[in-house]
Protein chains: 2
Amino acid sequence: MVNTNEINEFMPLREVVFLTLRKSILRGELLPGERLMEISLANKLGVSRTPIREAIRMLEHEGLVVMKPRRGAQVAKITVQELNDVLEVRKSLETLAILKACERMTEENIAAMRRAEKAFEALVADKDSDLTELAEADVAFHDTIYQGTKNRRLIQILANLREQMYRFRIEYLKDAEMRSSLVTEHKAIIEAVCSRDADKAVECITEQIDHQQRAINASIEATSEV
Amino acid sequence: MVNTNEINEFMPLREVVFLTLRKSILRGELLPGERLMEISLANKLGVSRTPIREAIRMLEHEGLVVMKPRRGAQVAKITVQELNDVLEVRKSLETLAILKACERMTEENIAAMRRAEKAFEALVADKDSDLTELAEADVAFHDTIYQGTKNRRLIQILANLREQMYRFRIEYLKDAEMRSSLVTEHKAIIEAVCSRDADKAVECITEQIDHQQRAINASIEATSEV
DNA sequence: CCCAATATTACTGTATACAAAATATTGAGA
DNA sequence: TCTCAATATTTTGTATACAGTAATATTGGG
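Residues numbered from 1 in each chain as written. Chains lettered and ligands numbered in written order. Predicted model: local features only at pLDDT ≥ 70, side-chain atom pairs only at ≥ 80, totals over all residues. Heavy atoms only, no water.

Caption draft 1: Highlighting the protein's contact with DNA strand D. Surrounding DNA strand D, one finds 20 residues, the nearest of these being Met37 and Arg49 of chain A together with Leu13, Ser48 and Thr50 of chain B. Put simply, 64% of the atoms of DNA strand D that lie within 4 Å of the protein are in sugar or phosphate. Taking Arg49 of chain A, its side chain carries an N or O atom lying 2.8 Å from a base nitrogen of DNA strand D. Mapped by element, the contributors of at least two residues to the surface near DNA strand D are strand 1 (35-36), helix 2 (38-45) and helix 3 (49-62) of chain A together with helix 1 (13-27) and helix 3 (49-62) of chain B. Of the residues forming the surface near DNA strand D, the biggest block, three residues, is contributed by helix 3 of chain B. Residue composition of the surface near DNA strand D, by class: seven nonpolar, three polar and 10 charged. (Near = heavy atom within 4 Å. Polar contact = N/O pair within 3.5 Å; in protein donor to acceptor, adjacent residues only side chain to side chain. Helix = DSSP H or I, 4+ residues; strand = E, 2+ residues; numbered from the N terminus. Nonpolar A, V, L, I, M, F, W, Y, C, P; charged D, E, K, R; others polar.)

Right, dumping it as structure tokens:
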């Protein structure tokens with residue numbers, strides 16, 4: 001819901017705090033299960049407890065923190081079950097998105113998608129681009145598809161579901177082979193969308209998510225992270 | 001995200017305020033565009049501004065209120081476009097839900113679904129049952145399906161999308177013919193799920209949503225509500 | 001009587017204060 | 001030394017206070 005990423009000086013502190021905390025959680029600086037203590041956060045960020053609390057309410061609604069009654073907030077632990085729940089929903093909505101994108105993408109949307117893909121490809125080729133950059137670029141590519149659906153609610157929900165999986169996406173981006181296969185998959189998607197071949201596009205996106213699902217589950221098994 | 005509907009005395013005030021305000025918005029007591037002024041709400045509900053503000057953060061994230069910079073919150077105006085966006089997503093996720101329900105519903109889940117249908121049918125038969133009751137019963141029926149998916153995230157998102165349309169669901173429940181056709185549709189769904197006939201079930205649910213979509217759009221055209 | 005400039009009000013955004021509950025600590029007795 | 005209860009500390013949940021800004025009312029000139 002909150003999407004004005006441009007930090008301007010009139011942004012309420014709660015927004016700044018929200019963005020800061022979210023980033024910390026997704027980057028893994030705040031670990032699952034870790035308590036978010038208001039006073040120490042307030043001191044650390046140099047604000048009072050009020051904006052901290054309001055930011056926590058927003059994070060709670062996004063599912064990144066959970067409230068323990070009378071114990072305050074802690075970073076949500078994501079279970080394998082929850083991850084697969086999210087992936088199940090994502091698969092359905094990514095399919096919807098690519099279908100609608102095939103119908104509705106304008107030439108301008110398509111051009112943006114091509115540019116995003118080029119940027120991603122460049123980062124993959126560059127040996128010392130960092131994972132955060134790569135993740136951002138991948139997000140940017142998929143965002144161009146979401147934008148192409150012209151469905152704001154769909155865009156919002158997909159963005160939110162993606163957030164839930166940030167840590168794991170980073171994980172599978174570590175694999176060089178995975179990265180180059182992503183490039184191939186992106187290109188296939190572009191081609192399908194350009195020729196308005198909905199079936200083909202759905203096939204591509206389904207494959208990509210299955211791919212992700214396997215990689216993520218494997219990575220979880222490996223680290224036995226629950 | 002917030003789903004503990006049982007109001008117990010240890011529920012934080014922000015939850016109580018959140019539920020109260022949400023109900024007011026969905027029931028139409030707070031009209032779209034109306035400002036939510038913290039002090040007057042605080043006085044009206046007999047609490048301080050703090051829990052009011054936290055509840056507003058939650059409503060904001062749920063999309064029921066929008067923040068105007070330095071002007072506070074106002075009830076979100078829902079446009080025809082947004083409504084159709086929601087319906088598009090809902091159709092996709094209701095389809096996923098019924099598919100998974102066909103796979104995963106236990107005998108107990110099915111029994112609950114039958115009970116919910118019976119209750120709804122009884123209310124439709126009863127001439128002086130009110131709309132709120134009917135809406136609740138319809139919600140309860142569909143909830144049994146959602147529960148059958150065993151996918152908590154899906155359950156949560158569908159519940160949220162449904163909230164967005166509360167006002168309009170009430171609208172089409174006013175039509176007696178609509179109500180009896182709902183009963184028929186519910187029965188068809190039950191039959192399909194019981195025989196684990198996924199295709200049939202998807203067909204039923206798709207039809208029901210198309211039905212809803214037409215009714216809602218008609219009702220909007222009629223009242224020229226934008 | 002109308003309009004513009006200014007004064008006032010009302011409201012949000014943020015900080016702080018206070019009370020109650022949960023947790024940690026301490027110390028006495030076995 | 002271990003256990004358990006009494007006490008201290010921490011932390012949340014809620015209320016209130018204060019500052020700055022946007023909206024509104026007021027006043028005075030034309």
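That covers the picture; the talk isn't over yet.
Caption draft 2: A look at the interface of chain A and chain B. Between chain A and chain B, the contact holds 35 residues from the first and 35 residues from the second. Interface of chain A and chain B: buried area, both sides summed, is about 3100 Å²; carbon and sulfur atoms make up 53% of it. Broken down residue by residue, the surface that chain A buries against chain B is led by His61, Glu88 and Arg153 of chain A, which jointly contribute 23%. At the junction of chain A and chain B, the tally comes to eight salt bridges. For Glu88 of chain A, the salt bridge is made with Arg104 of chain B, and the minimal N-O distance between the two is 2.7 Å. Summed over the shared surface of chain A and chain B, the result is 13 residue pairs in polar contact (both at pLDDT 80 or more). Listed by contribution, the elements that provide at least two residues to the side of chain A that touches chain B are helix 1 (13-27), helix 3, helix 4 (80-104) and helix 7 (152-164) of chain A. Among the elements that line the side of chain A that touches chain B, the one with the most residues is helix 4 of chain A, at 10 residues. (Contact = heavy atoms within 4.5 Å. Buried area = accessible area lost by both parts, 1.4 Å probe. Salt bridge = Lys/Arg side-chain N within 4 Å of Asp/Glu carboxyl O.)

Caption draft 3: A look at the packing of helix 2 of chain A against helix 3 of chain A. All names here are of chain A. Contact geometry of helix 2 with helix 3 gives a least axis separation of 9 Å together with a crossing angle of 115 degrees. Judged on the interaxial angle alone, helix 3 and helix 2 are roughly perpendicular. Crossing of helix 2 against helix 3: the hand is right-handed. Where helix 2 approaches helix 3, its residues Glu38, Ile39, Leu41, Ala42 and Leu45 are matched on the opposing element by Arg49, Ile52, Arg53 and Ile56. Taken together, the residues of the contact of helix 2 with helix 3 sort by class into six nonpolar, no polar and three charged. (Axes fitted to C-alpha atoms, helices over the stretch in contact; angles between N-to-C directions. Parallel < 35°, antiparallel > 145°, perpendicular 65-115°, else oblique. Left-handed = near helix turned anticlockwise from the far one by under 90°.)

Caption draft 4: How the structure looks around the packing of helix 7 of chain A against helix 4 (residues 80-104) of chain B. Here helix 7 of chain A crosses helix 4 of chain B at 50 degrees, and the two axes come no closer than 7 Å. On the basis of the axis angle, helix 7 of chain A is oblique to helix 4 of chain B. Judged by residue contacts, Arg152, Arg153, Leu154 and Ile157 of chain A of helix 7 of chain A engage Asp85, Val86 and Val89 of chain B from helix 4 of chain B. Looking at the contact of helix 7 of chain A with helix 4 of chain B, its residues break down into four nonpolar, no polar and three charged.

Caption draft 5: Seen up close, the pattern of salt bridges. The full count for this structure, using the stated rule, is 33 salt bridges over all chains. Notably, a salt bridge pairs Glu54 of chain A with Arg53 of chain B, separated by 2.6 Å at the nearest N-O pair. Taken as a pair, Glu54 of chain A in helix 3 and Arg53 of chain B in helix 3 lie in two separate chains rather than in one. Overall, the relative accessible area of 3% leaves Glu54 of chain A in the buried class. Across the pair Arg90 of chain A and Glu94 of chain A runs a salt bridge whose closest N-O atoms are separated by 3.1 Å. Of this pair, Arg90 of chain A and Glu94 of chain A are both found in helix 4, four residues apart, which corresponds to roughly one turn of the helix. Among the residues examined, Glu94 of chain A registers a relative accessible area of 2% and is labelled buried. Several salt bridges converge on common partners, so that one network encompasses Arg14 and Glu54 of chain A together with Glu38, Arg49, Arg53, Arg57 and Glu60 of chain B. (Buried < 20%, exposed > 50% of the residue type's maximum accessible area, 1.4 Å probe, protein only.)

Caption draft 6: Geometry of the protein's contact with DNA strand C. Looking at DNA strand C, there are 20 residues lining it, with Leu13, Ser48, Thr50 and Arg71 of chain A together with Arg49 of chain B nearest. Here a phosphate oxygen of DNA strand C and a side-chain polar atom of Arg71 of chain A are 3.5 Å apart. Measuring from a phosphate oxygen of DNA strand C, one finds a side-chain N or O atom of Arg53 of chain B at 3.4 Å. Listed by contribution, the elements that provide at least two residues to the surface near DNA strand C are helix 1 and helix 3 of chain A together with strand 1 (35-36), helix 2 (38-45) and helix 3 of chain B. Considering each element in turn, the surface near DNA strand C owes the most residues, three residues, to helix 3 of chain A.

Caption draft 7: Local environment of helix 9 (residues 176-194) of chain A. All names here are of chain A. The end-to-end C-alpha separation of helix 9 is 28 Å, in line with the 27 Å expected for 19 residues at 1.5 Å each. Along helix 9, the positions that sit buried rather than exposed are Met178, Arg179, Leu182, Val183, Glu185, His186, Ile189, Ile190, Ala192 and Val193. Measuring from the backbone nitrogen of Glu177 back to the side-chain oxygen at the start of helix 9 gives 3.0 Å, which picks out Asp175 as the cap. (Expected span 1.5 Å × (residues − 1).)

Caption draft 8: Fine view of the sheet that holds strand 3 (residues 72-75) of chain A. Residue and element names in this part refer to chain A. Pairing within the open sheet is antiparallel, and its three strands lie in the order 1-3-2. The open sheet has two edge strands, strand 1 and strand 2 (65-68), and neither has a second partner. The pairing of strand 2 with strand 3 spans four bridges and is classified as antiparallel. What sits directly across from Met67, in strand 3, is Ala73. (Pairing = 2+ DSSP bridges.)

Caption draft 9: Local environment of the side chain of Asn109 of chain A. Residue and element names in this part refer to chain A. Mapped onto the secondary structure, Asn109 falls in helix 5 (residues 107-125). Of the residues examined, Asn109 reaches a relative accessible area of 15% and is grouped as buried. Not counting residues up to four positions away in its chain, the partners in contact with Asn109 are Arg104, Gly148 and Lys150.

Caption draft 10: Representation of helix 7 of chain A. Residue and element names in this part refer to chain A. Taking 1.5 Å of rise per residue, 13 residues should cover 18 Å, and helix 7 covers 19 Å from first to last C-alpha, within 8% of that figure. Most of helix 7 sits inside the fold, with 12 of its 13 residues counted as buried. For helix 7, every residue scored as buried is listed here: Arg153, Leu154, Ile155, Gln156, Ile157, Leu158, Ala159, Asn160, Leu161, Arg162, Glu163 and Gln164. Its side-chain oxygen 3.1 Å from the backbone nitrogen of Arg153, Asn151 forms the N-cap of helix 7.

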